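The primary structure of each chain is shown beneath.
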Amino acid sequence: MEKLYEGKAKIVYKTEEPDKVVIYFKDEATAFNAQKKDIIEGKGILNNKISSIFFNLLEKNGIPTHFIKQLSDREMLAYKTTIIPVEVVVRNLATGSIVKRLGITEKTPFNPPLIEFYLKNDQLGDPIICYEHILALGLATEEDIKKIKELAFKVNQVLKDFLKNIDIILVDFKLEFGKKDDESIVVADEISPDTCRFWDAKSGERMDKDRFRLNLGDLSKYYEEVLRRLEGEKS
Ligand code: UDP
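Residues numbered from 1 in each chain as written. Predicted model: local features only at pLDDT ≥ 70, side-chain atom pairs only at ≥ 80, totals over all residues. Heavy atoms only, no water.

Visitor: What exactly am I supposed to notice about the sheet that holds strand 1 (residues 3-6) here?
Guide: Backbone hydrogen bonds hold the strands of a sheet together, and the pairing may be parallel or antiparallel. An order of 1-2-3-7-6 is seen for the 5 strands of this open sheet, with the pairing classed as antiparallel. Edge positions in the sheet fall to strand 1 and strand 6 (67-70), since each has one partner strand and no second. When the angles between neighbouring strand axes are averaged without regard to direction, this sheet yields 25°. When strand 1 meets strand 2 (residues 10-14), the two strands line up antiparallel, connected through 3 bridges. The residue of strand 2 that forms the bridge with Tyr5 is Val12. Across the sheet, helix 1 (residues 43-60) is in contact with strand 3 (20-25), strand 6 and strand 7 (75-79); its angle to strand 6 comes to roughly 130°. (Pairing = 2+ DSSP bridges. Helix = DSSP H or I, 4+ residues; strand = E, 2+ residues; numbered from the N terminus. Axes fitted to C-alpha atoms, helices over the stretch in contact; angles between N-to-C directions. Contact = heavy atoms within 4.5 Å.)

As C-alpha cells, then:
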C-alpha cells in the first residue's frame, strides 16, 4: 500500500478507493514534543482496539467520525479527511500543562468543561491559540469552529458517561477534526490512552500515557485494563 503520511504513532496508507484510507497503529511512544521516545511492544494494537471501540460508541450516539471499521490488530479503515491543524483539548479536571501554565490547583473541576485550542505544529511545540487566532490564520471558519465545539462537548459527554460505568474518570483528552470530501466535519485521528487522561475511579491510578511521561512504568498493563473494561461494557 502506498504511504500517504507517517506520524509519530501512526501511518496512513492509500486504498483503492480514493475516499478511504488505512490507518496503521505503531508501537512508538513519544512525549514532550518527541524529546522522550520509546517503543512499547503491543501499544499500537491496544490503541487501535480502544480507538475502534470509542469511535463505534460515538457513531452510535450520532457523532460523525472518520471511522469505518477495524481491519486487523493494528489497522483501521477510515474516511480520508483533510485534518484541520488545530488540536482541541477538553478538560473536566485540571492536570498537566494547564496546572503549570495558569498556576491552578491539581484536580480543580471545570464545570462546564473547558475547551482549548492548540496549533498543530510540532516545530513550534503545538502552542496554545484562541478562537481569534484560528480565524486570523485561516485555519477554520467561524461555522467550522462552532461545529467543532459542539462536537467536542458531545464527545466529552458520551465518553465521560460511558467511562463512568466502568470506573474510569475522563480527566481530559485531545481531539482532531477532519473534513471529508463532502466538506462535512468529523472526529478524526485516534481516541486512546495516548490522547486521553484516564484515572481509575477507585484507586486514582493513571491508566494512560502519563505512565510513560512520568516514568510510572507498566503502561501496557494499564492500557490492557482499559481495553478489558471497555470490552466488558461493549457486549
Ligand atoms: N494531548 C495529546 N497530544 C498532545 C498534547 C496533549 O493527545 O500533543 C492530550 C493529553 O494526553 C491530555 C490532554 O491532551 O489528555 C491535555 O494535555 P495537556 O495540555 O495537559 O498536555 P501535557 O500535560 O500532556 O503536555
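Visitor: Help me understand the environment of Asn156, please; the structure alone is not making it clear to me.
Guide: Locating Asn156 in the fold gives a position in helix 4 (residues 142-165). Since its relative accessible area comes to 1%, Asn156 is described here as buried. On a C-alpha basis, the gap between Asn156 and Ala136 in space is 27 Å, while along the polypeptide they are 20 residues apart. Excluding its chain neighbours within four sequence positions, the residues that come into contact with Asn156 are Val90, Asn92, Pro113, Leu170 and Phe173. Within the local environment of Asn156, its side chain forms a polar contact with the side chain of Asn92, the two groups lying 2.8 Å apart. (Buried < 20%, exposed > 50% of the residue type's maximum accessible area, 1.4 Å probe, protein only. Polar contact = N/O pair within 3.5 Å; in protein donor to acceptor, adjacent residues only side chain to side chain.)

Visitor: Teacher, can you tell me more about the packing of aromatic side chains here?
Guide: Counted under the stated rule, the structure contains 2 aromatic pairs. With 5.8 Å between their ring centres and 15° between their planes, Phe55 and Phe67 make a pair best called stacked. Taken together, the residues Phe55 in helix 1 and Phe67 in strand 6 connect sequence positions 12 residues apart. Accessibility classification places Phe55 together with Phe67 in one group, the buried group. Here the basic side chain of Lys180 rests over the ring of Tyr79, its NZ or CZ set 4.1 Å away from the ring centre. Sitting above the plane of the Tyr222 ring, Arg211 keeps its charged end 3.9 Å from the centroid. (Phe/Tyr/Trp six-rings, centres within 6.5 Å; stacked < 30°, edge-to-face > 60°. Lys NZ or Arg CZ within 6 Å of the ring centre and 35° of its normal.)

Visitor: Would you mind showing me how to read the site of the ligand here?
Guide: Around the ligand there are 16 residues in total, and Arg91, Ser97, Asp172, Arg197 and Arg213 lie nearest to it. One of the side-chain nitrogen or oxygen atoms of Arg197 is found 2.8 Å away from an oxygen atom of the ligand. Note that an oxygen atom of the ligand is positioned 2.9 Å from one of the side-chain N or O atoms of Arg213. Starting from 500 Å² of accessible surface for the ligand in isolation, the protein chains cover 78%. Elements supplying a minimum of two residues to the shell around the ligand: strand 9 (86-93), strand 12 (168-179) and strand 14 (196-200). Counted by class, the shell around the ligand contains 4 nonpolar, 4 polar and 8 charged residues. (Near = heavy atom within 4 Å. Areas by Shrake-Rupley, 256 points an atom, 1.4 Å probe, with all protein chains shown as cover. Nonpolar A, V, L, I, M, F, W, Y, C, P; charged D, E, K, R; others polar.)

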